[in-house]
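# Summary of structural features
Listed here are the chains, written in short residue letters.
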Amino acid sequence: MSPSPHLISRTSFSGLATSGGGAKAVGELCAAQESKHRLLVGLLAAEAGAHPHAALVARAYEALSEMAEGAPEEIRRLFRHPAVGAWALSVCRGHAAPGRLAAVALAAAVRTRTACRLDVPVGGPLMLPSVGLLSLPGDLPEVAEVSVEPAEGGAELRVGGRTYRVDVSGDRPGWQVLHRVPVAPGVTITIDDLDPYRWPEDDADGRLSGERRRTWVSCLHEAWEILNSRHLTVAGEVAAAVSVLTPVVARTTDQHSASARVTFGTIALSDPIDGMGMALTLAHELQHAKLDALSALVELTLPDDGRRFYAPWRPDPRPLFSLLHGVYAHAGVAGFWRRHTQDPEHGTKAQVEFAHWREAAYQASRTLLDSGGLTEAGTHFVVTLHDTLGRWRAEPVTPAAAAQARLRSEHHRRAWVRTNTQV
């Protein structure tokens with residue numbers, strides 16, 4: 001399972017800098033993330049020698065390598081699963097135990113329909129990353145032998161003399177599946193509401209009820225229809241990069257969403273309201289994910305020098321790299337609404353949103369360029385993005401939409417100054 005070195009191509013870099021990039025460019029970012037996960041897993045396996053579970057870690061790594069030879073695409077998808085990478089990084093930072101690699105190997109066996117037998121740390125529910133959660137009795141030893149046998153619709157796991165049915169399509173007694181939602185041919189998004197490594201923040205929500213999950217699935221299908229019909233580039237990028245949605249608790253009455261560098265491929269969000277809102281969320285958070293992955297390959301900003309800057313979408317001053325994130329994300333938001341300015345249903349709102357966010361991102365990109373805090377590559381990136389936003393500024397909107405967008409911007413600036421200016 002040797003990873004390859006990765007560089008972003010000039011063509012892809014330039015495409016990403018326009019705020020888009022397309023599926024091919026995003027595919028390069030995804031390949032780099034997969035290699036990072038493989039490196040982390042290889043490192044934790046190599047350094048597990050002094051750990052009490054060293055032998056089972058070594059055997060799990062060997063089993064994964066064997067399965068990768070027979071089913072490379074399925075193992076590739078497993079290594080791209082965000083919770084696998086987040087856990088591996090946590091181990092390498094000394095914050096988690098390496099024994100979960102055996103559970104990763106069990107998940108691989110279920111996914112590849114491979115019979116195997118491994119020693120696995122237990123002592124509670126057994127999470128099979130990307131597959132589901134198995135409840136186990138409390139009378140098992142700390143380490144138990146688990147065997148996997150392929151079965152129709154999933155697998156049978158034998159643990160401690162008991163047999164458990166793992167169904168990849170639904171829950172069973174003692175088994176909770178991670179629901180997978182097909183949105184297009186070859187495109188499936190998993191709702192991960194179980195894995196302890198699914199989200200690094202403290203606002204992770206719990207298991208979705210059946211009613212809530214049906215709302216998520218309905219909104220996701222509606223969102224995909226919107227993206228596929230009006231935002232083909234975004235749809236291709238989402239299909240390449242976004243593999244997981246995970247529920248988080250809403251802090252306010254507004255819908256909340258986020259992404260995190262350690263869980264590339266995951267978009268976290270509170271309960272969606274409708275398909276349009278979820279489509280916008282996907283387009284917005286995709287931008288953050290792209291920039292996180294790109295900045296792992298290319299330094300875009302110089303080291304933080306302590307300065308903080310006005311961001312037209314935040315109540316607080318932001319570091320330069322955070323401002324860059326906001327500019328890139330809100331360029332994506334502006335680009336989303338740009339495609340809806342002539343809609344009979346959404347046109348009036350879309351014109352205001354497009355006018356507001358294109359101007360906000362344009363002005364903030366000028367702040368970035370004037371800061372002196374960008375690298376040479378970062379300057380090229382932001383100049384290209386600034387030019388894209390400049391062209392969008394020339395596109396007409398109604399006078400009423402322009403006036404409303406301007407009032408929103410002025411109100412935000414006044415509120416920000418009141419909050420952040422010391423008397």
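Refer to the structure printed above.
The structure contained in this document is the topic of the report that follows. (Residues numbered from 1 in each chain as written. Predicted model: local features only at pLDDT ≥ 70, side-chain atom pairs only at ≥ 80, totals over all residues. Heavy atoms only, no water.)

## Observations concerning unusual backbone geometry
Although it is not a glycine, serine 19 sits at a positive phi angle of roughly 100 degrees. Tracing the sequence through the fold places serine 19 in the loop between helix H1 (10-17) and helix H2 (22-46). For serine 19, a relative accessible area of 10% corresponds to the buried category. For serine 130, which is not glycine, the phi torsion reads 80 degrees and is therefore positive. Given the relative accessible area of 7%, serine 130 is considered buried. (Helix = DSSP H or I, 4+ residues; strand = E, 2+ residues; numbered from the N terminus. Buried < 20%, exposed > 50% of the residue type's maximum accessible area, 1.4 Å probe, protein only.)

## Observations regarding the side chain of aspartate 193
By secondary structure assignment, the location of aspartate 193 is in the loop between strand S9 (187-191) and helix H7 (210-230). Reaching out from aspartate 193, the side chain makes a polar contact with the backbone nitrogen of leucine 208 at a distance of 3.0 Å. (Polar contact = N/O pair within 3.5 Å; in protein donor to acceptor, adjacent residues only side chain to side chain.)

## Comments concerning the pattern of salt bridges
One pass over the structure, following the stated rule, counts 29 salt bridges. One salt bridge connects arginine 80 with glutamate 34, and the closest N-O pair in it is separated by 3.1 Å. In this pair, arginine 80 sits in helix H4 (residues 72-80) while glutamate 34 sits in helix H2, placing the two residues 46 residues apart along the sequence. The closest approach of N and O atoms between aspartate 316 and arginine 314, which form a salt bridge, is 2.9 Å. If you follow the salt bridges from partner to partner, you end up with Glu34, Arg38, Glu73, Arg76 and Arg80 in one network. (Salt bridge = Lys/Arg side-chain N within 4 Å of Asp/Glu carboxyl O.)

## Quick look at the sheet that holds S9
The mixed open sheet is built from five strands, whose spatial order is S8-S9-S10-S12-S11. Either end of the sheet is taken by a strand with one partner, and the two such strands are strand S8 (179-184) and strand S11 (257-258). In terms of strand pairing, S9 meets strand S10 (residues 244-247) through two bridges, oriented parallel. Each residue of the ladder has a partner; that of isoleucine 191, found in S10, is leucine 245. Sitting on the sheet, helix H9 (residues 275-295) touches S10, S11 and strand S12 (266-269), and the angle it makes with S12 is about 130 degrees. (Pairing = 2+ DSSP bridges. Contact = heavy atoms within 4.5 Å. Axes fitted to C-alpha atoms, helices over the stretch in contact; angles between N-to-C directions.)

Function cannot be read off these values alone, since they describe shape.
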